[in-house]
Amino acid sequence: MNKAVNLKEREMLIAVAGNPNSGKSTLINGIAGSRLHVGNWAGVTVEKNEAILNYQDHKIRLIDLPGCYSLSPYSQEEIIARNFLLNEKPDVIINVVDATNLERNLYLTIQLLELGIPIIIALNIYDEASQKGYSFDIEEMEKLLAAKVIPTVSTSKEGLTNLLDKAIQFYDKGYDRLHKLDYGTDIETALENIVSIVEQKRPDLLTQYPRRWLAFKLLEEDKLFLQKEDITSMKEDLEKMTGHLKKAHSSDMSSFMIDHRYAQAAGLTKAVMKKPAINPRDLTEKIDNVILNRFLGIPIFLIAMWLVFKLTFDLANPFVDWIDFIISGPLSTWATALLTLLRAPDWFHSLIIDGVIAGVGGVLVFLPIIFTMMLFITILEGSGYMARAAFLMDHLMHTIGLHGKSFIPLLLGFGCNVPSIYATRTLEVEKDKVLTSLIVPLMSCSARLPVYMLFTAVFFPKNGGLVIWILYILGILLAFGLGFLFKNTLFKKETPIFIMELPPYRLPSFYSIMIHTWEKVKHFLVKAGTYILALSIIAWFLLNLPWGVEHKRDSWLGKAGTTLAPIFEPLGFGKWQSASALLTGVIAKEAIVSTYGEIYQVHDNATAVKEPLNIGKDILLIGKELIITLKNIGINMLSTFRVVSLEYEATEKEQPVQDIISKEFTPLQAFSFMVFVLLYLPCFVVVVAVKQEFKKWKWPLFIIFYQTLLAWTVSFLVYQGGLLLGFT
């Protein structure tokens, strides 16, 4: 009784382990919800999800281990999962198993059982398995594995309460395994003999590691374990003990045990699962016959990406106008009234209105665009289509010395280049990581979208979606072109073989979609609240120093822009305003928009003060504009393939920045400027990420050099070529 009370006072540690695509992320989101916190594992850039929750008078710490197929130390994810289980010794392991791919998932389960930690198997995606006609003998499965098995459907949260209940039961009352998996007389005898040797020569190891797991690692001659522990004192005895196994089965005991575990998984699957006698082609196979067709696959992919852009702008751009109305209208009016009431000095008034609100607000207005695009990308990821995109691109990736797996970081680059750099950790070969990282910044990240939106809304109102799509395709084509060049100069090597699992098509749950979309959008919001806020304030000071400067061109930022402007003259935008904005864009691409907002700010304090404050009227106006916004979305969705939401009808009072830009640029100059923004050196955070990954400045500096040269060259060709063809 006292033991139970003491246990409840201590934090209960649950580790969640499973294969990629087993529904593990959805399951842990279903358990933890908004309490799930995302960070990184210490010393590495692999994502770490954890949550602390209270359930049945227990404080539970839930750790989501990186998805992996085994605990063999081959990848960063496998090493992290293995080290955590060995060092932290969780009270319970929840092993998420895909019921539609039981045999493949049981390989990891078998290795988890060797740790001797209480384990609960979440037989997940149980609904899909049932729809396919699969049946499971749950009692037999529990008997053979000596582990509790609970069917779950993570998308609808079925069985999740049972998982926690059983975990608490194991924690409070203990966990007695009546038996263990039997590997046959030869192996079991060898394991017992190995333990006897350890007891005699290195008993300290038995206090550090699970007894059976330790025996397996010594039998397999696990490299990672042998690097950490000195077993010289018992090496000779171990070789005598296992010598007959090596002669009888294989000189490589690690490979032998891999085969044996897979055989165990196959045998267990046959014993506990039955499939229909006739298994007709399922929906996934039928869809793949079209999606993965050698002739139709890539055109379908390009069309899918175009539809993502079209729907993004159709749905989101009316909200952009609505948020812009709120920021430039009521919010600025309320802030002006408050500052006037507080009798704030003119310089502080300008800092808040022209610096903070105009700067940060000029970026936040594009939040609907970022959210909607990330929403569609999340849906494509959850549906299983993104894995097909990597498979489709494998042949094309071979031309630049990479394989389809490298395409995943490139796809992530559409959201943000920083996690794309970190995602190269999934690549096994160092040269693959470097080459992929060199071309990742050419993927047009979401930070560039505000710049595209600003210029396309003014100069290409009826074809904005098409123009932005062209910019994305241009980045992809140049990435492949540069990749081919680097392959044949810097990285001459054979192209690696591509092996990747294609998950079945699934309809992701609304909850899962929103959680993963939020994780992507949160990065943008954090930047807006930190980097962009700081940059807006810095830009305001640089545009107003020395104090009392009458013309912004004579400010510190203006002088720097004036010095650099001649470099951009052949590109069509050789003005100090553009050069100054590009300077701040080195820190974060969104800052280009906010800097333009501060440079071209049209703000009349006298007029603003004279207007009487009427909060009720402003709120009614916000509601009225929202109704108009929803109406515009309906019109957009009823339109055919014309992105009507990008039509520009702003007045000088409503959108002074866009109005001034329309006079400062021509369409050709605007397009040249967008091309330069697409290609010139990545933001500072990307440069730091590359330095972190490769531990030296060689590759970050190379990226800065080649992208700056590439951006100038391509923009020069675009502008000068356009002039020769008669464009303006």
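What you see is a predicted model, and the numbers here were worked out from it, not measured in a lab.

Thoughts on the nonpolar core
(1) Moving on: Phe455, Tyr596 and Phe673 are the most contacted members of the largest nonpolar core, which has 95 residues in total.
(2) Moving on: Per element, the largest residue contribution to this core is 10 residues, and it comes from helix 24 (residues 464–487).
(3) Moving on: If we skip the residues at most four places from it in the chain, Phe673 touches Val451, Phe455, Phe573, Ser578, Leu582, Ile592, Tyr596 and Phe665.

Some points on helix 4 (residues 102–113)
(1) Moving on: Over its 12 residues, helix 4 extends 16 Å from the first C-alpha to the last, a length consistent with the 16 Å expected when each residue adds 1.5 Å.
(2) Moving on: Residues of helix 4 that are buried: Leu102, Asn105, Leu106, Tyr107, Leu108, Thr109, Ile110, Gln111, Leu112 and Leu113.

Observations concerning the confidence of the model for the protein chain
(1) Moving on: Looking at the protein chain as a whole, the pLDDT averages 79, with 84% of positions reaching at least 70.
(2) Moving on: Residue range residues 1–7 is modelled with pLDDT below 50. Its contacts to residues more than four positions away, or to other chains, number two contacts.
(3) Moving on: Per-residue pLDDT stays below 50 along residues 640–654; that stretch engages in 41 contacts with residues further than four places along the chain or on separate chains.

Regarding the pairing of strand 5 (residues 92–98)
Two faces make up the sheet, and in a regular strand the side chains alternate between them.
(1) Moving on: Buried residues dominate strand 5, accounting for seven of its seven residues.
(2) Moving on: Every second residue of strand 5 is oriented toward a common face, with Val92, Ile94, Val96 and Asp98 on one face and Ile93, Asn95 and Val97 on the other, all of them buried.
(3) Moving on: Taken together, the five bridges between strand 1 (residues 12–18) and strand 5 define a ladder with parallel strand orientation. When the bridges of strand 5 are listed, Ile14 appears paired with Val92.

A few points about the environment of Ala316
(1) Moving on: Residue position: Ala316 is located in helix 15 (residues 297–341).
(2) Moving on: Taking relative accessible area as the criterion, Ala316 reaches 1% and is therefore assigned buried.
(3) Moving on: Sequence separation between Ala316 and Thr372 is 56 residues; the distance between their C-alpha atoms is 6.5 Å.
(4) Moving on: Residues contacting Ala316, with those up to four places away along its chain left out, are Pro368, Ile369 and Thr372.

Re the packing of aromatic side chains
(1) Moving on: Evaluated as defined, the whole model comprises 23 aromatic pairs.
(2) Moving on: Plain terms: the ring middles of Tyr209 and Phe225 are 5.3 Å apart, the flat faces sit at 70° to each other, and that makes the pair edge-to-face. Of this pair, Tyr209 sits in the loop between helix 9 (204–208) and helix 10 (211–220) while Phe225 is found in helix 11 (residues 223–228), placing the two residues 16 residues apart along the sequence.
(3) Moving on: Since its relative accessible area comes to 2%, Phe225 is described here as buried.
(4) Moving on: One aromatic cluster in this structure is built from Phe455, Phe459, Phe568, Phe573, Tyr596, Phe665, Phe673, Phe676 and Tyr680.
(5) Moving on: Here the guanidinium or amino end of Arg261 rests over the ring plane of Phe216, the centre of that ring lying 5.3 Å away.

Remarks on the pairing of strand 4 (residues 58–64)
(1) Moving on: The element strand 4 is largely enclosed, with a buried count of five among its seven residues.
(2) Moving on: Pairing analysis gives five bridges linking strand 1 to strand 4, with the strands arranged parallel. Looking at the pairing, Ile14 lines up with Leu62 of strand 4.

Focus on the side chain of Arg388
(1) Moving on: With respect to the helices and strands, Arg388 occurs in helix 18 (residues 385–392).
(2) Moving on: Take Arg388: its relative accessible area is 0%, and that puts it in the buried class.
(3) Moving on: Within the local environment of Arg388, its side chain forms a polar contact with the side chain of Asp288, the two groups lying 3.1 Å apart.
(4) Moving on: Of note is the side chain of Arg388, whose polar atom sits 3.1 Å from the backbone oxygen of Gly384.
(5) Moving on: Those residues within four positions of Arg388 in sequence are excluded, and the remaining contacts are Thr284, Asp288, Ile291, Leu292, Leu502, Pro503, Pro504 and Tyr505.

Thoughts on the packing of helix 22 (residues 430–439) against helix 35 (residues 698–724)
(1) Moving on: Two numbers describe how helix 22 lies on helix 35: the axes approach to 10 Å, and their chain directions differ by 35°. By crossing handedness, the relation of helix 22 to helix 35 is classed as right-handed. Residue-level contacts link Val434, Ser437, Leu438 and Ile439 of helix 22 to Trp699, Phe702, Ile703 and Tyr706 of helix 35.

Concerning the pattern of salt bridges
(1) Moving on: Evaluated as defined, the whole model comprises 14 salt bridges.
(2) Moving on: Residue Glu188 is joined to Arg212 by a salt bridge in which the shortest nitrogen-to-oxygen separation is 2.8 Å. Linking Glu188 in helix 8 (residues 185–201) with Arg212 in helix 10, this pair joins segments that are 24 residues apart in sequence. The same class applies to Glu188 and to Arg212, which are both buried.
(3) Moving on: One salt-bridge network, held together by shared partners, links Glu114, Lys217, Glu220 and Arg261.

Some points on helix 14 (residues 283–291)
(1) Moving on: Within helix 14 the residues assigned to the buried category are Thr284, Asp288 and Ile291. The arc enclosing the buried residues of helix 14, seen along the axis, measures out at 65°, which places them on a common side.

The rules we used
Residues numbered from 1 in each chain as written. Predicted model: local features only at pLDDT ≥ 70, side-chain atom pairs only at ≥ 80, totals over all residues. Heavy atoms only, no water. Core = buried A, V, L, I, M, F, W, Y, C linked by side-chain atoms within 4.5 Å. Buried < 20%, exposed > 50% of the residue type's maximum accessible area, 1.4 Å probe, protein only. Helix = DSSP H or I, 4+ residues; strand = E, 2+ residues; numbered from the N terminus. Contact = heavy atoms within 4.5 Å. Expected span 1.5 Å × (residues − 1). pLDDT = per-residue confidence, 0-100. Pairing = 2+ DSSP bridges. Phe/Tyr/Trp six-rings, centres within 6.5 Å; stacked < 30°, edge-to-face > 60°. Lys NZ or Arg CZ within 6 Å of the ring centre and 35° of its normal. Polar contact = N/O pair within 3.5 Å; in protein donor to acceptor, adjacent residues only side chain to side chain. Axes fitted to C-alpha atoms, helices over the stretch in contact; angles between N-to-C directions. Left-handed = near helix turned anticlockwise from the far one by under 90°. Salt bridge = Lys/Arg side-chain N within 4 Å of Asp/Glu carboxyl O. Arc of directions from axis to C-beta.

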